[in-house]
Amino acid sequence: MIGFTEYPSFQVFLAIFFSMALTMVLLPLWIRILSFRQIGQQIRADGPQRHLVKQGTPTMGGVIILVSVLITILLLSRSFSLEENPLAMPLICVVTLLTGAIGLIDDLSKVAKERSLGLRPNAKMICLTLIAVFFCLAAVNLAHIEPTITIPFLEPVNLGFLTTNIPLGAYTLTIPWVYLLFVFLLMAGMSNAVNLTDGLDGLAGGTIMITMAIMAIIAYRLDELNIALFAAAVTGACVGFLWFNAHPAGIFMGDTGSLALGAAFAAIAVLTKTEVVSLIVGGIFVFEAISVIIQVGYFKLTRKRVFLMAPFHHHFEQKGWSEIKVVIRFWIISALLACIGFALFFNQTF
């Protein structure tokens, strides 16, 4: 562990810089390896035609993002204070690695089969369900997270009213069924939402960078300094990744990164009790997911489309916007939503 523990704010900023630098050092080597092995992105045939030129661009950049984050955490994680939850960091890391493993298998499957579809949706959802259930039970039983959600300007809502207690020797396993369902929807939904957002050069990386920066500030204000370090490390890794992922992208994040970072975002929200606020901070991901749900549902009912193409960012491409224009405007919207979410959080904790 590096020193300076008496300056936690310095450590958080150092995590951003160190993770960014490490990502920028490792990514060029990773790109060379992927290019040599001819491991590249498979582009949807039904997607925007201008994206066909991206066929074969190295993918799985999320591997380096996760490696950089974990190395940064191992080097900079501070000793635990009385205010902190000692199991928060391990839980976030486990969830991130498990969902990253699912994404890696998905990415490798796409490359092996030379098509844009990897794991079957059912298989992916089963894996995400198991991870979400594990995380929720561990958070409630080991990290002692209350099965409640906090809504700005309202009293906390208790979702533990339907709970089963199972005696296991000297220990009792608590299963809050309603809260378990909520955490599953949040984690699986956010993982898939970030994955859907990862469709344009720099879009997912930039929006994750913004949302994780806000989550780092939130965790820091709550004295959850190790969670703040993790979020800061993700922020820095995304900054470094954007250097190579900016249009025209030299590498893509892949499901390895998008699924893992979406799950990490949800895990941080649960452990900081900002589940509802996180839906505003990460509102751009929510909008992207909703656009797909609306498009698919409306098409099944009427055989017509609401948007020219879903997810939402492709709709603007079809309207003639350049890819860079869409990405920058989505970054701006993401920043506005993140600031609104933080303002609501600040109001309820002031």
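The text that follows walks through the structure, step by step, so that each part is easy to find. (Residues numbered from 1 in each chain as written. Predicted model: local features only at pLDDT ≥ 70, side-chain atom pairs only at ≥ 80, totals over all residues. Heavy atoms only, no water.)

### Side note on the overall build of the protein chain
Logical step 1: Helices and strands together make up the secondary structure of the protein chain, namely 12 helices and four strands.
Logical step 2: Long-range pairs, those at least 24 residues apart, make up 75% of the contacts in the protein chain between residues at least 6 apart in sequence.
Logical step 3: Here the protein chain displays about 16000 Å² of accessible surface, and carbon together with sulfur accounts for 70% of that area. (Helix = DSSP H or I, 4+ residues; strand = E, 2+ residues; numbered from the N terminus. Contact = heavy atoms within 4.5 Å. Areas by Shrake-Rupley, 256 points an atom, 1.4 Å probe, with all protein chains shown as cover.)

### Points about the pairing of strand β3 (residues 163–168)
Logical step 1: In the sheet, β3 pairs with strand β4 (residues 171–176) via six bridges, with the strands oriented antiparallel. Directly across from L168, in β4, lies its bridge partner Y171.
Logical step 2: Connecting the antiparallel pair β3 and β4 is a turn made up of two residues, with G169 showing a positive phi of about 70 degrees. (Pairing = 2+ DSSP bridges.)

### Considerations on unusual backbone geometry
Logical step 1: Note that the residue after H247, namely P248, is joined by a cis bond; omega there is -5 degrees.
Logical step 2: With respect to the element layout, P248 can be found in the loop between α7 (225–245) and α8 (254–271).
Logical step 3: Residue P311 follows A310 across a cis peptide bond; omega there is 0 degrees.
Logical step 4: With a phi close to 65 degrees, D223 is a non-glycine residue in the positive phi region.
Logical step 5: Here D223 shows up in the loop between α6 (203–221) and α7.
Logical step 6: Among the residues examined, D223 registers a relative accessible area of 37% and is labelled partly exposed.
Logical step 7: Here the phi dihedral of R303 falls at roughly 65 degrees; this positive angle occurs in a residue that is not glycine. (Buried < 20%, exposed > 50% of the residue type's maximum accessible area, 1.4 Å probe, protein only.)

### Remarks on the packing of aromatic side chains
Logical step 1: All told, the structure shown has nine aromatic pairs when counted by the stated rule.
Logical step 2: Summarising the aromatic geometry, the rings of F316 and F330 are spaced 6.1 Å apart at their centres and angled 75 degrees between planes, so their arrangement reads as edge-to-face. Within this pair, whereas F316 is found in helix α11 (residues 312–318), its partner F330 is found in helix α12 (residues 323–349), the two being separated by 14 residues in sequence. When sorted by exposure, F316 lands in the same class as F330, which is buried. (Phe/Tyr/Trp six-rings, centres within 6.5 Å; stacked < 30°, edge-to-face > 60°.)

### Details of α8
Logical step 1: The end-to-end C-alpha distance of α8 is 26 Å, a good match for the 26 Å that 18 residues give at a rise of 1.5 Å each.
Logical step 2: Of all 18 residues that make up α8, 18 are buried, and the element is covered over most of its length.
Logical step 3: Residue K273 follows α8 closely and has a positive phi angle near 55 degrees. (Expected span 1.5 Å × (residues − 1).)

### Comments concerning the packing of helix α5 (residues 177–197) against α8
Logical step 1: Viewed as axis vectors pointing N to C, α5 and α8 meet at an angle of 145 degrees, and their least axial separation amounts to 7 Å. Crossing handedness for the pair α5 and α8: right-handed. Along the contact surface, α5 presents Y179, V183, L186, M187, M190, S191, N192, V194 and N195, while α8 presents D255, S258, L259, G262, A263, F265, A266, A267, A269 and V270.
Logical step 2: Residues belonging to the contact of α5 with α8 are distributed by class as follows: 13 nonpolar, five polar and one charged. (Axes fitted to C-alpha atoms, helices over the stretch in contact; angles between N-to-C directions. Left-handed = near helix turned anticlockwise from the far one by under 90°. Nonpolar A, V, L, I, M, F, W, Y, C, P; charged D, E, K, R; others polar.)

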